[in-house]
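# Architecture and fold: a report
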Amino acid sequence: MVVASSFEEAVSLIKDRLDIVDTISQYVVLKKSGANYWGICPFHDDKHPSMSVSPSKGIYKCFSCGAGGDALNFLVKIQNKDYKEVILELAEKFGIEFPKKYTPSNENKTQKELMLKACKKAAQFYNMQLKSSKDSNKAMTYLKGREITDEIISTYMLGWAPNKYDALYNELKKEFKDEILEKAGLILKSNKCSWIDRFRNRIIVPIQNETGEFVAFGARAVDEGQNPKYLNSSDSLIYNKSKILFGLYTAKDAIKENDSVIIMEGYFDVITAQSHGVKNAVASCGTALTSDHVKLLSRYTKSRKIYLSFDTDSAGINATKRGSEIIKETLASVGEIKQFDESHISAASDGKYSCEIRVVSPPQGKDPDEYIRSMGGDAFNEHVKSAPLLIDFLLNNVLKEKNTAKTPQEKSELVAQVIDILKDVNNKVIQTEYVKTVSSVLEVNENAILKELKRSENAHFGNHIPQIQKNSVTNSSQFEIKAQKNLLSVFISNGGYENYANLSALLPENIIHDETLIIVKNTIDKLIGTVNNVRELTNNLYTEFIEDDNITRIITDIVDMSESFNGLDADELKQSVRENIQRLNRCYTEHEAEELRQKYRQVNSDDMEALKVQMQLRDEIKLRTGDK
C-alpha cells in the first residue's frame, strides 16, 4: 500500500499507473496504425474509426466530435461518474491510500463494497448448504449426473438454495441491512411485505467478474415442472449482464495463452469445458452476446480469434448467427474479417485480419457439454483445431439441404440464402470461388448466381447512399483561435518546458485573445514552477480541468499540436514563437480592418458629416493594413 501525502499526489500516482491504450481498450476495440491506435469513438454515433490514441502523448482525441483527454479523463467520461468517485475506485485498485486528513465519503462506493461482501457471504452460504442441507440430495444427484465432482464444486463454489423462504435472509440479516441485500439481488419483498430469499430450491452458480469478485448468481431448477429453468440475478450496481462473461475470471489466462476464446451457451457448458481442459471457454450470463462482451474479450486475445460453440439444434444455430453478427458489427471498423480459409493453421494474429470467427460443432448432433463429457476435452480441442470459418459453417448448413430441394422454386430459395451469406464477402476473387462451389453443389448455373448476387449488392448499396456534406469555410475568428492554440502548444512541447521562461518573455501581453485560452495560459504559468517535466505539466493541466469538458478538449488539441515542436533547439523554438506571434498579429490586424470596412460600408455617404467619418475610417484601414 502506497500512502499519498495529498489528494493531488494520489491522482498523480494513479495516472502513473494508467496506461492509456490498456484503459481505452477496455471499452473500445483499438487497432494499431503507425505510432498510434485507432478506434470507434464511444462519445458519438461514430461509423468509422475517428478516435486516435497516442501512447507517447498519453492522450486520446476524436477527430470527428472533438472529445479528448488523458486516461483518467476518459474513464470519468465513459463511466459517467463524478471524478472523485473514479479516483477513489482506482486508488483502491492500485493500492494507493489517501492521507488521513482526506476522508472522502462516497455512498455508492460504500454500497458497492457492502453488496460485494454480501454476495461473497451468500456464495459461501449456498456452497455450505450444498454439502450439509437436508434437501440438497437432489442437487447432488443432478450434479453427479453431469459428472460434477467435489473438486469442481469447490472450484466454482457451486451451491444449493434450500427450499425455505428465508434461509439466506436469516443468515445475512445479522451483518447487512435489508436495503443492501435487496440491491444485491439476494432478497425480495413477499406479498405479506416480509423479506424472502430470491433463490429457493435451486442449484446455485455464483457469477464472478473478471477480477474474481462475486457479483451475481444463476439458479437452476431441479424439480420436474419447476419454472423457469434458470433464474438469474437482475442488473445492479455491481452487476451488468451485458458486460460480464461467465467463466472469464478462470479463463482469461488461457485466452491470452491460446490467443483465442470459445464462447459457449450456458454455465454448465463452461464448467464442464474448463474442468476437462478446455480452459479458454466462457459464456454470457443469461443473455445474448453483446458488443460490450466482444470488446471485453478483445482485451485478452490480440488476434481476436473467436470460436462459437452453441447447441447444435436450430435455436443454437440461430444463436450462432446472432452472435456472429454482433462480433462482425463490433469489429468490422477495425479491419477486414477473415472470410476465406487458406489453411486452418493460419491465424489472424499476423495482423492481416481484424478478427477470425469459427464455429465448433461436434459431430453426432451432440451439444458441447454432452460431447466433452462423453469424449473428453482433448477430443473437443481437436474439433477446435479443425473448426470451419463462420462463412463455411453457414454455407454448409444451407448446402446440406440440397437433396430436399427438388423444384426450381426450392433451389431458388437455397440460392437466396447463399447470396445473403456471400454478399458480405468483400474480396471478389474469394466471392467468385465460393460461387463456383455453390454452383457445383446445387447444380445451378454459375452466371445466374453471380447475377443475383450483383443485383442483391446493388440493392444493398442503393439503400446506403452516403450523404455528401458541404465543407464549411473557416472564418477568421476560428483561424485566430487555432493560431493561439498553436502558440500555446510551443510551451508544452518537450523542448518548450526547459525554455519556458525565455519563451514566455517573448509574448506580447495581449497576444492571447480567447478567454478560455487565457485561462489555460494562466494555468500553465501557475503550474510550470511545480512540475519537473512536460508530462507532469500536461497531467496536472488535465487534473485542474477534469470537470470541464470544453477546456479538456482544448488542452488535448494543444498537446496534439505540440508534437510538431518536439526536437527543436532553444533558438528554433524562439523562432517558432516569433513566427506564430507575427501570424497572430496579421490575423488581428486583418480582423480589425474588416470590422472597420463593415463600419465604412454602413455609413450613409449622402451626409457631409458621414463623409468625414468615412474618410477617417478609410485612413485607419490604410494604417491597419499598410496600404499606400
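To keep things clear, this report deals only with the structure shown in the data block. (Residues numbered from 1 in each chain as written. Predicted model: local features only at pLDDT ≥ 70, side-chain atom pairs only at ≥ 80, totals over all residues. Heavy atoms only, no water.)

## Considerations on the environment of Gln 208
Along the chain, the position of Gln 208 falls in strand 11 (residues 202-208). For the pair Gln 208 and Lys 120, spaced 88 residues apart in sequence, the C-alpha to C-alpha distance is 9.7 Å. Ignoring anything within four residues of it in the chain, the contact list for Gln 208 reads Glu 213, Phe 214, Val 215, Ile 244, Leu 245 and Tyr 249. A polar side-chain atom of Gln 208 sits 3.0 Å from the main-chain carbonyl oxygen of Gly 212. (Helix = DSSP H or I, 4+ residues; strand = E, 2+ residues; numbered from the N terminus. Contact = heavy atoms within 4.5 Å. Polar contact = N/O pair within 3.5 Å; in protein donor to acceptor, adjacent residues only side chain to side chain.)

## Observations regarding helix 22 (residues 515-527)
The first and last C-alpha atoms of helix 22 sit 19 Å apart over 13 residues, in line with the 18 Å expected at 1.5 Å per residue. Turning to helix 22, its buried residues number three or more, namely Leu 517, Val 520, Lys 521, Thr 523, Ile 524 and Leu 527. Looking down the long axis of helix 22, one finds its buried residues gathered within 160° of arc, a one-sided arrangement. Two or three places before Thr 516, at the opening of helix 22, Asp 514 has a side-chain oxygen 3.2 Å from that residue's backbone nitrogen. (Expected span 1.5 Å × (residues − 1). Buried < 20%, exposed > 50% of the residue type's maximum accessible area, 1.4 Å probe, protein only. Arc of directions from axis to C-beta.)

## Digging into the pairing of strand 15 (residues 260-264)
Buried residues dominate strand 15, accounting for five of its five residues. Because side chains alternate across strand 15, one face comprises the buried residues Ser 260, Ile 262 and Met 264, and the other comprises Val 261 and Ile 263, equally buried. When strand 15 meets strand 17 (residues 305-308), the two strands line up parallel, connected through four bridges. Residue pairing in the sheet places Ser 260 in a bridge with Lys 305 of strand 17. Strand direction decides the pairing type here: strand 15 and strand 16 (residues 281-284), joined by three bridges, are parallel. Its bridge partner being in strand 16, Ile 263 is matched across the sheet by Val 282. Of the crossover connections in this fold, the one passing from strand 15 over helix 11 (residues 267-275) to the parallel strand 16 is right-handed. (Pairing = 2+ DSSP bridges. Right-handed = clockwise from strand over helix to strand, strands pointing away.)

## Looking at the packing of aromatic side chains
Within the structure shown, the criterion is met by 11 aromatic pairs. Where Tyr 142 meets Phe 268, the ring centres are 6.1 Å apart and the plane angle is 75°; that geometry is what we call edge-to-face. Residue Tyr 142 is located in helix 6 (residues 137-145), and its partner Phe 268 is located in helix 11; the two are separated by 126 residues in the primary sequence. Here the aromatic residues Tyr 27, Phe 43, Tyr 60 and Phe 74 are joined through ring pairs into a cluster of three or more. Just above the ring of Tyr 37 sits the side chain of Lys 32; from NZ or CZ to the centre is 5.8 Å. (Phe/Tyr/Trp six-rings, centres within 6.5 Å; stacked < 30°, edge-to-face > 60°. Lys NZ or Arg CZ within 6 Å of the ring centre and 35° of its normal.)

## Description of the packing of helix 17 (residues 408-422) against helix 18 (residues 428-442)
Following both chains from N to C, one finds helix 17 and helix 18 inclined at 160°, their axes separated by 11 Å at the closest point. The angle between helix 17 and helix 18 falls in the class roughly antiparallel. For the pair helix 17 and helix 18, the sense of crossing is right-handed. Contact with helix 17, carried on its side by Lys 411, Leu 414, Val 415, Val 418 and Leu 422, involves Gln 431, Tyr 434, Val 435, Val 438 and Leu 442 of helix 18 and no other residues of that element. Split into classes, the residues belonging to the contact of helix 17 with helix 18 amount to eight nonpolar, one polar and one charged. (Axes fitted to C-alpha atoms, helices over the stretch in contact; angles between N-to-C directions. Parallel < 35°, antiparallel > 145°, perpendicular 65-115°, else oblique. Left-handed = near helix turned anticlockwise from the far one by under 90°. Nonpolar A, V, L, I, M, F, W, Y, C, P; charged D, E, K, R; others polar.)

## Regarding the sheet that holds strand 8 (residues 159-161)
As summarised here, the arrangement of the four strands in space is 8-11-12-13, forming an open sheet in which the pairing is antiparallel. With one partner strand each, in any of the chains shown, strand 8 and strand 13 (230-232) form the two edges of the open sheet. Across the sheet, the mean angle from the axis of one strand to that of its neighbour is 35°, orientation sign disregarded. Here three bridges tie strand 8 to strand 11, and the two strands are oriented antiparallel to one another. When the sheet's bridge partners are listed, Gly 159 is paired in strand 11 with Ile 204. Most of the contacts of helix 6 go to strand 11, to which it runs at about 65°, and overall it touches strand 8, strand 11 and strand 12 (214-221).

## Here we look at the environment of Gly 66
Within the secondary structure, Gly 66 sits in the loop between strand 5 (59-62) and strand 6 (68-69). Given a relative accessible area of 22%, Gly 66 falls into the partly exposed group. Between the C-alpha atom of Gly 66 and that of Ile 554, which follows or precedes it by 488 residues, the distance is 9.0 Å.

## Some points on the nonpolar core
With 62 residues, the main nonpolar core has Tyr 126, Leu 158, Leu 186, Ile 207, Phe 217, Ile 271 and Phe 380 as its most contacted residues. It is helix 5 (residues 107-132) that contributes the most residues to this core, nine residues altogether. Val 29, Leu 289, Ile 357 and Leu 453 belong to the second-largest nonpolar core, a separate cluster that totals 49 residues. (Core = buried A, V, L, I, M, F, W, Y, C linked by side-chain atoms within 4.5 Å.)

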